[in-house]
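Coordinate inspection notes
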Amino acid sequence: MKVGLYFGTFNPIHVGHLIIANHMAEFTDLDQVWLVVTPHNPFKKKATLLDDYTRLELVRLAVEDYPKLKASDIEFKLEQPNYTINTLAHLEEKFPNYEFALIMGEDNINSLHKWKNFEVILERYDILVYPRISSETEKSGLENHSRVKFIDAPIVEISSTFIRDAIKDKKNPKALLPEKVWNYIDHNNIYRK
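Below is a summary of the structure that appears in this document. Owing to the predicted nature of the structure, the values given are computational and were not obtained by experimental measurement.

Details of the pattern of salt bridges
By the definition in use, this model includes 12 salt bridges. The shortest N-O distance in the salt bridge between E99 and K2 comes to 3.7 Å. Separated by 97 residues along the polypeptide, E99 in strand β4 (residues 99-105) and K2 in strand β1 (residues 2-8) bring together distant segments of the chain. Exposure remark for E99: the relative accessible area of 40% places this residue in the partly exposed category. With relative accessibility at 7%, the residue K2 sits in the buried group. Across the pair R147 and D126 runs a salt bridge whose closest N-O atoms are separated by 3.0 Å.

Structure (structure tokens):
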């Protein structure tokens, strides 16, 4: 089984995340996409970051109706700060018969060279890149790398920050969220303060 790993804080998960994850699951050689909820980094301000398990629950609610999508808390159990290379090593040990690939936005591929052991990642894992609208003109130099595959996926520019700010300002961003996610946020008065 080939699994795409889509990392994020998902604070909150929105329809843009689902569009990308589902597109990767349906229109590439992936069998499943795991949405890996990234735990809180203790060195960053937590001001608007929901706790790990609430964000995981929102992801679970969002993917319930998508059989090829799965919420993952794998990084909750790993030493912090967490590096993608460590997560991949842990997953390979835990799931020796699976093949893993990374899913990332075009903006992230440009900073891949700053990641811990990025050469090992490039050597051992496919990286599926979805397009982003970006003002960056500098390319990563990885456009022709055999492990890097640019996917013709929909360009979705929805921001979790925009959604949080809208809720705080008493606006209704319901159309940008999966219905179950909106209902949970609304019912529990999340992001209102």
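Focus: the nonpolar core
Counting residues in hydrophobic clusters, the biggest one holds 36 residues, and the most contacted among them are M24, V33, L35 and I103. Among the secondary structure elements, those contributing two or more residues to this core are α1 (15-27), β2 (32-37), α2 (52-63), β3 (69-72), β4, β5 (126-130), α6 (160-168) and α7 (179-187). With residues up to four places along the chain from it excluded, the contact list for V33 reads G4, Y6, A21, M24, A25, K68, L69, K70 and I103. Of all hydrophobic cores here, the second largest spans 20 residues; its members include L88, L102, I109 and L142.

With respect to the pairing of β2
Along β2, 6 of the 6 residues are buried, which leaves the element largely enclosed by surrounding structure. Judged by which residues are buried, β2 turns out to be covered on both faces: Q32, W34 and V36 on one side and V33, L35 and V37 on the other are all buried. Two elements, β1 and β2, share 6 bridges in a ladder whose sense is parallel. Bridged to F7 within β2 is V36. For the crossover that starts at β1, traverses α1 and ends in the parallel β2, the hand is right-handed. Across 4 bridges, the pairing between β2 and β3 is parallel. Across the sheet, V33 pairs through a bridge with L69, a residue of β3.

A word on the environment of V156
If you trace the backbone, V156 turns up in the loop between β6 (148-150) and α6. On the accessibility criterion, V156 (17% relative accessible area) is buried. Sequence separation of V156 and V59 is 97 residues, and the distance between their C-alpha atoms is 18 Å. V156 has contacts with G16 and I19, leaving out every residue within four places of it along the chain.

Reading the values: rules and limits
- Residues numbered from 1 in each chain as written.
- Predicted model: local features only at pLDDT ≥ 70, side-chain atom pairs only at ≥ 80, totals over all residues.
- Heavy atoms only, no water.
- Salt bridge = Lys/Arg side-chain N within 4 Å of Asp/Glu carboxyl O.
- Helix = DSSP H or I, 4+ residues; strand = E, 2+ residues; numbered from the N terminus.
- Buried < 20%, exposed > 50% of the residue type's maximum accessible area, 1.4 Å probe, protein only.
- Core = buried A, V, L, I, M, F, W, Y, C linked by side-chain atoms within 4.5 Å.
- Contact = heavy atoms within 4.5 Å.
- Pairing = 2+ DSSP bridges.
- Right-handed = clockwise from strand over helix to strand, strands pointing away.

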